[in-house]
Amino acid sequence: MAFLSKSQRLRAGALVLGLLVLVGGVFWWRDQARWTGTNNAYVKADTVIVTPQTSGYAMRVLVQDNQAVLAGQELVILDDADARSRLAQATAEEAARIAAAENVAAQRALQQAQVEERTAALRRSRVEMTAKQHDLERYSQLAQSGFVSDQRVETLSASAAEAKAGVSQADAALKAQQRSVSALASARGQALAQIAAA
């Protein structure tokens, strides 16, 4: 390099440097033309997270990834075995509740019939008591006149007291039966409320 002057060396260096920059630029341009970059840019797209209204195993997926779909379009077919099982169980439970309500209604009808029977028994006891009291009064007057023995009056007195006790007993039985009907009415209301809540 002793035979080139300083200015020629500078020109030759600048030329070599220019050629290197030119060749490097050509290679860089060819390489970058194949790749697209976004520098953290975002693409605007309408995406929605899809969640099922019920749980279950997916039997078949009817769409592909990133496929456009319409509102209401079926996307997945779920295995409905669990849902059918739960429905059958709920149906059986509802049938049991209805049967329980009907049973309570039948018991209430029976109890109501027994209330009517007890009411009739109370009326009969009152009529019998009234008749025995009238007999006692009549025979007491006859005993004072001497036409009937005192023993007969005592027997009628005991019979009238027994009839009065029978009225008390029939009245107590009627009240107990009425409370039973009220309890069954409450139980029936609870059974119907359980049916409505299910």
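This text follows the structure it describes.
Cut-off values and rules
- Residues numbered from 1 in each chain as written.
- Predicted model: local features only at pLDDT ≥ 70, side-chain atom pairs only at ≥ 80, totals over all residues.
- Heavy atoms only, no water.
- Phe/Tyr/Trp six-rings, centres within 6.5 Å; stacked < 30°, edge-to-face > 60°.
- Lys NZ or Arg CZ within 6 Å of the ring centre and 35° of its normal.
- Helix = DSSP H or I, 4+ residues; strand = E, 2+ residues; numbered from the N terminus.
- Buried < 20%, exposed > 50% of the residue type's maximum accessible area, 1.4 Å probe, protein only.
- Polar contact = N/O pair within 3.5 Å; in protein donor to acceptor, adjacent residues only side chain to side chain.
- Core = buried A, V, L, I, M, F, W, Y, C linked by side-chain atoms within 4.5 Å.
- Contact = heavy atoms within 4.5 Å.
- Salt bridge = Lys/Arg side-chain N within 4 Å of Asp/Glu carboxyl O.
- Axes fitted to C-alpha atoms, helices over the stretch in contact; angles between N-to-C directions.
- Parallel < 35°, antiparallel > 145°, perpendicular 65-115°, else oblique.
- Left-handed = near helix turned anticlockwise from the far one by under 90°.
- Nonpolar A, V, L, I, M, F, W, Y, C, P; charged D, E, K, R; others polar.

1. A few points about the packing of aromatic side chains
Inference 1: By the definition in use, this model includes 0 aromatic pairs.
Inference 2: It is Arg152 that lies over the ring of Tyr139; its NZ or CZ is 5.1 Å from the centre.

2. With respect to the side chain of Ser159
Inference 1: Note that Ser159 resides in helix α3 (residues 150–197).
Inference 2: Relative accessible area serves as the criterion here: at 16%, Ser159 is assigned to the buried category.
Inference 3: In terms of polar contacts, Ser159 uses its side chain to reach the side chain of Lys132, at 2.7 Å.

3. Examining the nonpolar core
Buried together is how nonpolar side chains tend to be arranged in soluble globular proteins.
Inference 1: Val115, Leu122, Met129, Ala163, Val167, Ala170, Leu174 and Val181 form the largest nonpolar core, which has 8 residues in total.
Inference 2: Looking at this core, the elements that each hand over two or more residues are α2 (81–145) and α3.
Inference 3: Other than its neighbours up to four places away in sequence, Val167 contacts Leu122, Ser125, Arg126 and Met129.

4. Topic: the pattern of salt bridges
Inference 1: Scanning all chains against the criterion turns up 4 salt bridges.
Inference 2: Ionic pairing is found between Asp135 and Arg138, a salt bridge with its closest N-O pair at 2.3 Å. With Asp135 and Arg138 both in helix α2, this residue pair falls 3 residues apart, about one helical turn.
Inference 3: For Asp135, a relative accessible area of 25% corresponds to the partly exposed category.
Inference 4: The partly exposed category is assigned to Arg138, whose relative accessible area is 47%.
Inference 5: Residue Lys175 is joined to Asp171 by a salt bridge in which the shortest nitrogen-to-oxygen separation is 3.3 Å. Taken together, the residues span about one helical turn, with Lys175 and Asp171 both in helix α3 at a distance of 4 residues.
Inference 6: Classification of Lys175 as partly exposed rests on a relative accessible area of 42%.

5. Things to note about the side chain of Ser125
Inference 1: In this structure, Ser125 sits in helix α2.
Inference 2: Look past the residues within four positions of Ser125 in its chain and what remains in contact with it is Ala163, Gly166, Val167 and Ala170.

6. Considerations on the packing of α2 against α3
Inference 1: One can describe the packing of α2 onto α3 by two numbers: an axis separation of 7 Å at closest approach and a directional angle of 165 degrees. Comparing the axis directions of α2 and α3 gives the class roughly antiparallel. The handedness of the crossing between α2 and α3 comes out as left-handed.
Inference 2: Along the lines of polarity and charge, the residues of the contact of α2 with α3 split into 26 nonpolar, 15 polar and 12 charged.

7. Side note on unusual backbone geometry
Inference 1: A positive phi angle is found at Asn66, which is not glycine, with a value near 60 degrees.
Inference 2: Its location among the elements puts Asn66 in the loop between β1 (58–61) and β2 (76–78).
Inference 3: Its relative accessible area of 83% is what places Asn66 among the exposed residues.

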